[in-house]
Amino acid sequence: MQLRALMILGLVLAATPTLAQTVPQTITVIHAGALLAVPGTPACGKSTIVVRGGKIAEVRDGFSDVPGAHVIDLSGQYVLPGLIDSHVHMTSIGDPATARKEEAHRGGEDHLVDAAKNARTDLLAGFTTVRDLSGDPAVLRALKRGIAEGVFEGPDIIMAAWMISATGGHGDHSANLREDYARLAREGSDNVCDGADACRRAVRAQIRDGAEVIKFAATGGVLDPVASGLGQHFTYEEMKAIIDTAHQWGRKAAAHAHGTEGINTALRAGVDSIEHGTFADMESIRLYKTTGAYFVPTLIAPATAVAQGRRGELTPASTAKAEAAAGHSVDSFKLAYKNGVKIAFGTDTGVSKHGDNAQEFGLMVGAGMPASVAIRSATVAAADLIGRTREVGTIEPGKAADIIAVASDPVADIAQLNRVRFVMHHGSVVKFDGQPAAAQ
């Protein structure tokens, strides 16, 4: 009887059209006045982008139509791929004074509300993919699910869960708290480790909690509330254990690193990217080029922290470190670019305010990087760093329909990227003529 039922079920399934066969895919045609399909190469003139099922189906020269397709007229605008920010913090609001005042009264639900607002703000600014490099994993998982299911508007997110830290280091949430609060912060904490074995365990714990990339603090950080400096925190053996374990589990490793020895030790240990890289030297340059690691400069972060410190919003220890970092970050960026280090766009947004991500472009160009290279760093290069070259970073058939437009050529005027007028994410329009689609 069971065999007969299974046979009947098989015949029914074989005779039933698949969902893809019965539900027609929406087709959208975009008429682009100018198209920078592959940043770093020359732009094309009038072009047509055919979008089907959330992906780019075809790119044509000139304007043409597809029968039954919805046409979006960007014939007076400059079209390019959605931008990628390789370093953000979705639950952070870019306001340290308010965060410190309210933190004791806020839980994960509040952080999810903040993260959902921040995600929409970043998306409307033209950033269709971001990499979150430390945040509450439960909040980030819920945010990703909400975006995937259409509950929230936001970019695709690659998450790191919590940043792995040495005891007392950048990422130890119990640092400098009164003892009863510190005990609560340490309870169940699995991102703080000392010794290679404990660091391997910390990596696995973050992966268990949803980490798609592993972030660790090779050095102290500017926003540490204590005067722990910006020098190396983990030993080579600890960094190697973190990086090797990440690689064994199919994840890349990103190192928060300011001080020279911390940068160089992380590079020797095989890290995939250095975040901040403030005090790089020529040995750092040699190691970047030998290993192929990316540099994610986050120039806006120290500039923001200095301003916050001078307004009295940071502790004296953080203010002093911000001043020291800001004095060297641009020099390290110039050194890296001049010597051919691979650079991917990243901002540390959450230190600065969400939606201001594109201000990083102006800082990069002001420090000597051509606008065309800066744009490539936030598309082609960033897609390579985050392991998504098959999905994002260019406007080519088969890739996600993540598309933005500005009024005129951003290679000639990089500030155009601060005023994104059109945003499409996976084929859905979320901003048009400078206004959120919901407001149309």
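Just above, that's the structure.
Note that this is a predicted model, so its numbers are computed, not measured.

A.B. asks: Would you take a moment to explain the overall build of the protein chain for this structure?
C.D. replies: From N to C terminus, the protein chain includes 15 helices and 16 strands. Across the protein chain, the fraction of contacts at a sequence separation of at least 24, relative to all contacts at a separation of at least 6, is 69%. With the model as given, the accessible surface of the protein chain reaches about 18,700 Å², and the carbon-plus-sulfur share is 54%.

A.B. asks: When you look at the nonpolar core in this model, what are you seeing that I'm missing?
C.D. replies: One broad rule of soluble globular proteins: the nonpolar side chains tend to lie buried together. F216 and F361 are the most contacted members of the largest nonpolar core, which totals 75 residues. If one sorts the elements of this core by residue count, helix α7 (residues 196-208) sits on top with five residues. Excluding residues within four positions of it along the chain, F361 makes contact with L83, F127, F345, A374, I375, A378, I414 and L417.

A.B. asks: Sorry if this is basic, but what is going on with the sheet that holds strand β2 (residues 47-52) here?
C.D. replies: The strands making up a sheet associate through backbone hydrogen bonding, with each pair oriented either parallel or antiparallel. Ordered in space as β3-β2-β1-β4-β13-β14-β15-β16, the eight strands form an open sheet in which the pairing is mixed. Bordering the open sheet on either side are β3 (55-61) and β16 (435-436), each of which pairs with just one other strand. Bridge count for β2 against β3 is six bridges, and the pairing is antiparallel. Bridging across to β3, R52 finds its partner in K55.

A.B. asks: Where do I start with the layout of surface pockets in this structure?
C.D. replies: Take a probe with the size of a water molecule and roll it over the atoms, and the empty space left behind shows itself. Taken as a whole, the second largest pocket spans an internal volume of roughly 160 Å³. Counting residues per element, the lining of the second largest pocket draws most heavily on helix α4 (residues 108-124), at three residues. Residue composition of the lining of the second largest pocket, grouped by class: five nonpolar, three polar and three charged.

A.B. asks: What am I meant to see in the packing of helix α11 (residues 300-310) against helix α12 (residues 316-338) here?
C.D. replies: In a pair of packed helices, the angle between the axes and the distance between the axes together describe the arrangement. Interaxial distance between α11 and α12 falls to 8 Å at its minimum, and their mutual angle equals 145 degrees. Of the two elements, α11 crosses α12, and the hand of that crossing is left-handed. Side by side, α11 and α12 meet where P302, A305, V306, G309 and R310 of the first sit next to T319, A322, E323, A325, A326 and S329 of the second. For the contact of α11 with α12, the residue count by class is six nonpolar, three polar and two charged.

A.B. asks: Looking at this structure, I do not really get the packing of helix α9 (residues 260-268) against helix α10 (residues 282-291). What am I missing?
C.D. replies: Taken N-terminus to C-terminus, the directions of α9 and α10 make an angle of 20 degrees; their axes are 9 Å apart at the nearest point. Accordingly, the angle class assigned to the pair α9 and α10 is roughly parallel. Between α9 and α10 the crossing geometry is left-handed. Contacts between α9 and α10 pair T260, I263, N264, L267 and R268 from the former with E283, S284, L287, Y288 and T291 from the latter.

A.B. asks: Even after reading the chapter, I still don't get α4, so can you show me in this structure?
C.D. replies: Over its 17 residues, α4 extends 24 Å from the first C-alpha to the last, a length consistent with the 24 Å expected when each residue adds 1.5 Å. Elements that come into contact with the buried residues of α4 comprise β6 (127-132), α5 (137-148), β14 (422-425), β15 (428-432) and β16. One or two steps after α4, the chain reaches G126, where phi turns positive at roughly 105 degrees.

A.B. asks: How should α12 be read in this particular structure?
C.D. replies: Count 3.6 residues to each turn of an α-helix, and residues three or four apart come out pointing the same way. For α12, spanning 23 residues, the distance from its first C-alpha to its last is 34 Å, which sits close to the expected 33 Å at 1.5 Å a residue. Largest kink in α12: about 30 degrees, centred on H328. What α12 keeps buried is the set A317, S318, T319, K321, A322, A325, S329, S332, F333 and A336. Residues of α12 that are buried make contact with α10, β11 (294-296), α11, β12 (342-343) and α13 (359-366). Residue G340 follows α12 closely and has a positive phi angle near 75 degrees.

A.B. asks: I tried to follow the pattern of salt bridges on my own but got confused; where do I start?
C.D. replies: Proximity of charged atoms lets side chains of opposite charge pair with each other. This model, assessed by the stated rule, comprises 14 salt bridges. One salt bridge in this structure joins R131 and E275, with 2.9 Å as the shortest N-O distance. Of this pair, R131 sits in strand β6 while E275 sits in strand β10 (residues 273-276), and the two are 144 residues apart along the sequence. As far as the burial class goes, R131 and E275 line up, both buried. Two residues, D197 and R200, come together in a salt bridge whose shortest N-O distance is 2.6 Å. In this pair, D197 and R200 both sit in helix α7, three residues apart, roughly one turn of the helix. Overall, R200 belongs to the partly exposed group, its relative accessible area being 29%. Connected through shared salt-bridge partners, D190, R208 and D209 make up one network.

Thresholds applied
- Residues numbered from 1 in each chain as written.
- Predicted model: local features only at pLDDT ≥ 70, side-chain atom pairs only at ≥ 80, totals over all residues.
- Heavy atoms only, no water.
- Helix = DSSP H or I, 4+ residues; strand = E, 2+ residues; numbered from the N terminus.
- Contact = heavy atoms within 4.5 Å.
- Areas by Shrake-Rupley, 256 points an atom, 1.4 Å probe, with all protein chains shown as cover.
- Core = buried A, V, L, I, M, F, W, Y, C linked by side-chain atoms within 4.5 Å.
- Buried < 20%, exposed > 50% of the residue type's maximum accessible area, 1.4 Å probe, protein only.
- Pairing = 2+ DSSP bridges.
- 1 Å grid on protein atoms, 1.4 Å probe; cavity = no way out; pocket = protein on both sides within 12 Å on 5 of 7 lines; lining within 4 Å.
- Points joined across faces, edges and corners; volume = space filled by probe spheres on them.
- Nonpolar A, V, L, I, M, F, W, Y, C, P; charged D, E, K, R; others polar.
- Axes fitted to C-alpha atoms, helices over the stretch in contact; angles between N-to-C directions.
- Left-handed = near helix turned anticlockwise from the far one by under 90°.
- Parallel < 35°, antiparallel > 145°, perpendicular 65-115°, else oblique.
- Expected span 1.5 Å × (residues − 1).
- Bend = angle between axes of the 7 residues up to and from the residue.
- Salt bridge = Lys/Arg side-chain N within 4 Å of Asp/Glu carboxyl O.

Honestly, that's just the spatial picture; any functional story needs more than this.
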